[in-house]
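# Coordinate analysis (summary)
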Amino acid sequence: MRVLVVEDEQKVANALREGLEGERYDVVVEHTGEGAFFRINTEEFDAVLLDLTLPGRDGLEILEAMRERGLKTPVLVLTARDTLEDRVKGLDTGADDYLVKPFAFAELVARIRALVRRGRVAEAPRLTAGDLEMDLITRKVARGGRPVELTVREFELLEYLLRHQDQVVSRETLARDVWKETARTTPLDNVIDVHIARLRRKIDAEQGPKLIHTVRGVGFMLREGEP
Ligand code: CA
């Protein structure tokens, strides 16, 4: 069982590591929000213990970014900010549970166990942007609850845009990562543009706000609201 502990206070982080290792958890510690976000995006964890007050990007920002990307790893928020407002905000943002410092270690372990148990029966992994939803297991896509039929290539293209939302994606990148074409004499630009146009008709034509944007001279960006 692998747990990521995100805590900037060395003493607290060490105590959590020792305690959890004593319970036979595999523990990885990150002290900053940026470090944590990178780990969460690149490695698998069964649960994340997330302190809210961190230098740089704080815990709620990390949580929001995780959920926007469709990362479903169970998150237990740890915080000294024991106000009701933060608690509600944390849960709104996608925390699975919440523990106010100081807490008893036994309580923490019980919460992690419950979280991991729930996490295992969690629904299929999904990617979302606004009211656009993509289920990666059933391969179903819906916008505003209305099913959208996509070809295999359109699905792959949309999946790529969703996984890189809020980032500019160039035609070159799409040719390499979606079409897997690296050594072509003629670029795939026209093919890509045709697919983007089709995706737009299916995703963006009937319901606003627009999600697929053209970034002139650079490429495309999937994003809620103008880039
Ligand atoms: Ca802290």
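Residues numbered from 1 in each chain as written. Predicted model: local features only at pLDDT ≥ 70, side-chain atom pairs only at ≥ 80, totals over all residues. Heavy atoms only, no water.

Let us look at the side chain of E154. Secondary-structure assignment places E154 in helix α6 (residues 152–163). A relative accessible area of 1% places E154 in the buried class. A distance of 3.0 Å separates the side chain of E154 from the backbone nitrogen of T151, its partner in a polar contact. Those residues in contact with E154, other than ones at most four positions away along the chain, are E149, H195, R198, L199 and K202. (Helix = DSSP H or I, 4+ residues; strand = E, 2+ residues; numbered from the N terminus. Buried < 20%, exposed > 50% of the residue type's maximum accessible area, 1.4 Å probe, protein only. Polar contact = N/O pair within 3.5 Å; in protein donor to acceptor, adjacent residues only side chain to side chain. Contact = heavy atoms within 4.5 Å.)

Strand order in the open sheet made by the three strands is β10-β12-β11, with antiparallel pairing throughout. The open sheet terminates on both sides in strands that have one partner only, identified here as β10 (169–170) and β11 (212–215). When β11 meets strand β12 (residues 219–222), the two strands line up antiparallel, connected through four bridges. Each residue of the ladder has a partner; that of T214, found in β12, is F220. Most of the contacts of helix α8 (residues 189–203) go to β11, to which it runs at about 145°, and overall it touches β11 and β12. (Pairing = 2+ DSSP bridges. Axes fitted to C-alpha atoms, helices over the stretch in contact; angles between N-to-C directions.)

What follows covers the domain arrangement of the chain. With domains assigned, the chain is organised as domain 1 (2–122) and domain 2 (126–222). Of the roughly 440 Å² buried at the junction of domain 1 and domain 2 (both faces included), carbon and sulfur atoms supply 25%. Per-residue buried area on domain 1 facing domain 2 is highest for E68, R69 and K72; these three make up 84% of the total on that side. At the junction of domain 1 and domain 2, the tally comes to zero salt bridges. Counting every contact that joins domain 1 to domain 2 gives one residue pair in polar contact (both at pLDDT 80 or more). Grouping the amino acids of the side of domain 1 that touches domain 2 by side-chain chemistry returns no nonpolar, one polar and four charged. (Domains from an automatic or database assignment. Buried area = accessible area lost by both parts, 1.4 Å probe. Salt bridge = Lys/Arg side-chain N within 4 Å of Asp/Glu carboxyl O. Nonpolar A, V, L, I, M, F, W, Y, C, P; charged D, E, K, R; others polar.)

The next point concerns the nonpolar core. If you look at the biggest cluster of nonpolar residues, it comprises 27 residues, and the most contacted ones within it are L158 and L174. Residue assignment for this core shows that the elements contributing at least two residues are β6 (126–129), β7 (132–135), α6, α7 (171–177), α8 and β12. It is α6 that provides the largest number of residues to this core, a total of six residues. In this view, L174 contacts L157, Y160, V169, W179, I192 and F220; residues no more than four positions away in its chain are not counted. Counting 20 residues, the second-largest nonpolar core is a separate cluster that includes L50, A65, M66 and Y98. (Core = buried A, V, L, I, M, F, W, Y, C linked by side-chain atoms within 4.5 Å.)

Below, the discussion takes up the pattern of salt bridges. Under the criterion given, the structure shown has 19 salt bridges. Taking the shortest distance from any N to any O, the salt bridge between R143 and D204 comes out at 3.0 Å. Taken together, the residues R143 in strand β8 (residues 140–143) and D204 in the loop between α8 and β11 connect sequence positions 61 residues apart. For D204, a relative accessible area of 12% translates into the label buried. Here R223 makes a salt bridge to D166, at a shortest N to O gap of 3.5 Å. Of this pair, R223 sits in the segment after β12 while D166 sits in the loop between α6 and β10; the two residues are 57 residues apart in sequence, bridging distant segments of the chain.

We now examine the coordination of the calcium ion. Donor atoms from the polypeptide that coordinate the calcium ion comprise D8 (OD), D51 (OD), T53 (O) and T53 (OG1), at 2.1 to 3.1 Å from the metal. The motif formed by the donor residues of the calcium ion, counted along the single chain, is D-x42-D-x1-T. Placement of D8 in the loop between β1 (2–6) and α1 (10–22) and of T53 in the loop between β3 (47–51) and α3 (59–68) is noted, with a sequence separation of 45 residues between them. You can call D8 partly exposed: its relative accessible area is 30%. You can call T53 partly exposed: its relative accessible area is 35%. (Donors = N, O, S within 2.8 Å, 3.2 Å for Na, K, Ca; no water.)

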